[in-house]
Structure formats: structure tokens, C-alpha cells
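# Structural overview for review
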Amino acid sequence: MANHYYSENPETAHDLHQWSFELAGKTFQFVTDSGVFSRDTVDYGSRALIDHFDAENLPDGTLLDVGCGYGPIGMALAYQTGRPVEMIDVNNRAVELAQGNAKHNGIEADIHQSNIYETLHQEEYAAIISNPPIRAGKKVVHQILSEAEPLLKIGGTLTIVIQKKQGAPSAKSKMEDVFGNAEIVAKDKGYYIIRSTKE
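The structure reproduced in this document is the subject of the present report. (Residues numbered from 1 in each chain as written. Predicted model: local features only at pLDDT ≥ 70, side-chain atom pairs only at ≥ 80, totals over all residues. Heavy atoms only, no water.)

## Looking at unusual backbone geometry
The condition that has to hold: Relative accessibility decides the category of a residue: with a 1.4 Å probe and only protein chains considered, values under 20% of the type maximum give buried, values over 50% give exposed, and everything between is partly exposed. Secondary structure elements are taken from DSSP: a helix is a run of H or I of four residues or more, a strand is a run of E of two residues or more, and numbering for both begins at the N terminus.
Positive phi values are uncommon outside glycine, yet A24 reaches one of about 55°. Taking the relative accessible area as the measure of exposure, A24 reaches 27% and is therefore partly exposed. At K189, a residue that is not glycine, the phi angle is positive and equals roughly 55°. Relative to the elements of secondary structure, K189 occurs in the loop between β8 (183–188) and β9 (191–197). By relative accessible area, which is 66% here, K189 ends up exposed.

Following this line, the structure appears as C-alpha cells:
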């Protein structure tokens, strides 16, 4: 049974929920479903990533939200930064929810299915943001990290959130290998916000 939130087509029965949550100073309305990550509330890691994302010194261009789920990070950053945002997830159910949530909240975003960076609509991005799917395994998480650098403009950043106990030190080391730099921007209740910059 393909019932993980990182499955392409979850087979669990639909169970839609609607609720609201404030992010980046705006109250968003979300519809979520079974078979997607953190369906009952915006998880703490995603909130920390939104709060600590720095868009001020980025080059012009689009933000890419990898593993967008039903859309909270990408939608909040689109609202907060005014930048174009592309949002991708392997999970078709999550993508449909994100598309509906963006439309309902008046957020313009390019939201589509993609297995990591397989199907992208831009050649270069100002920033890549991810709350990576830890349960999909270290290989998937490290692929997100190792393949980000060629997709970024000079001065562009990769920013992720990951719990210390779920591999933050290993992820930071991987980002240092790929980018030559990795900074812990914040530590918040065991969650690390880690950022690398393409130089």
C-alpha cells in the first residue's frame, strides 16, 4: 500500500479537513486530506523555516519550494516576499490540495508534481526552500541537498529545516560539501534552519 506522505499516489481513503492558520502575518485557509504530511496543523519546522527565511539579499528570480505538501511554506513566502514561487511535491494528492489552497487564498504560484528536481519549470532559482521528507530516507534528503546547487543563481540560497535528532549535523555536512559553506541560521525547539549560498 502506498500510504506515505512521500508516495506519488496515496491510497488511503479521502478525509478532507478545513482549518485556518496565521503565517507571515496573514491568516490562510487550508484544506488538507489523509495521505499528506502534517494534515492537522502547520508543523513547527515549517513555521520556523518561514520565520527565519531571508529574502533580502537574494538575486532576482523565483523561489522553489521542494516537497511543498498542501502548500504552507510556498504560499507564505509568496505572500511575504512578493516573489514568484514554484512549488513541487511527489505526492499528487498534496499537489492538488496546494493548488486549491493557493487559489482559495489568492496566492499565485506554479504548483505541480515532480519527483525532487525531475520536472522543473525554470532553469535557475533565486532560492530553494525545503522541509525535506525525513521519512523518505537519508538518500532522498541528501539528493535534495546535493542537486540544488546547479539550479541556483549566483548568490542564491538553499535553506532547509531539519531536527537535530533526524540528521541536522549530517545534512549540514552534506551542504558544506556541496556548496563550500553551510550556516545554522537558527535553532528552535530542536529544529535547525540551515542555509548554504551559491558563490
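There's plenty left to go through after this.
## Topic: the nonpolar core
Inside soluble globular proteins, nonpolar side chains tend to come together where they are buried. Keep this limit in mind: We define a nonpolar core as any set of buried Ala, Val, Leu, Ile, Met, Phe, Trp, Tyr and Cys residues linked to one another through side-chain atoms lying within 4.5 Å. Contacts between residues were defined by any pair of non-hydrogen atoms, one from each residue, lying within 4.5 Å.
Core analysis: the largest hydrophobic core is formed by 36 residues, its most contacted members being L23, F30, F53, L63 and I129. At the level of secondary structure, the elements contributing two or more residues to this core comprise β1 (17–23), β2 (26–32), α1 (44–52), α2 (72–81), β4 (85–89), α3 (92–104), β6 (125–130) and β9. Residues within four places of F30 in sequence aside, it is in contact with H17, Q18, W19, F21, L23, V42, Y70, P72, M75 and N101. Counting residues in hydrophobic clusters, the runner-up holds 23 residues, among them I116, I162, A168 and A182.

## Points about the packing of aromatic side chains
What counts here: Working definition: rings of Phe, Tyr and Trp (its six-membered ring) pair if their centres are within 6.5 Å, and the pair is stacked with planes under 30 degrees apart, edge-to-face with planes over 60 apart, and tilted otherwise. Charge-over-ring placement is defined geometrically: NZ (Lys) or CZ (Arg) within 6 Å of the ring centre, and within 35 degrees of the ring normal.
Throughout the structure, instances matching the rule amount to 7 aromatic pairs. Measuring from centroid to centroid gives 6.4 Å for W19 and F21, while their planes differ by 85°, and the two rings are edge-to-face. On the basis of relative accessible area, W19 is assigned to the buried category, the value being 14%. Between the aromatic rings of F28 and Y79, the centroid separation amounts to 6.2 Å while the plane-to-plane angle is 85°, which identifies the pairing as edge-to-face. You can see F28 sitting in strand β2 and its partner Y79 sitting in helix α2, a full 51 residues away along the chain. Among the residues examined, F28 registers a relative accessible area of 0% and is labelled buried. Through successive ring pairs, a cluster of aromatic residues spans W19, F21, F28, F30, Y70 and Y79. Between the NZ or CZ atom of K26 and the centre of the ring of F28, over which it lies, the distance is 5.5 Å. Its end group placed over the ring of Y79, K26 keeps NZ or CZ at 5.6 Å from the ring centre.

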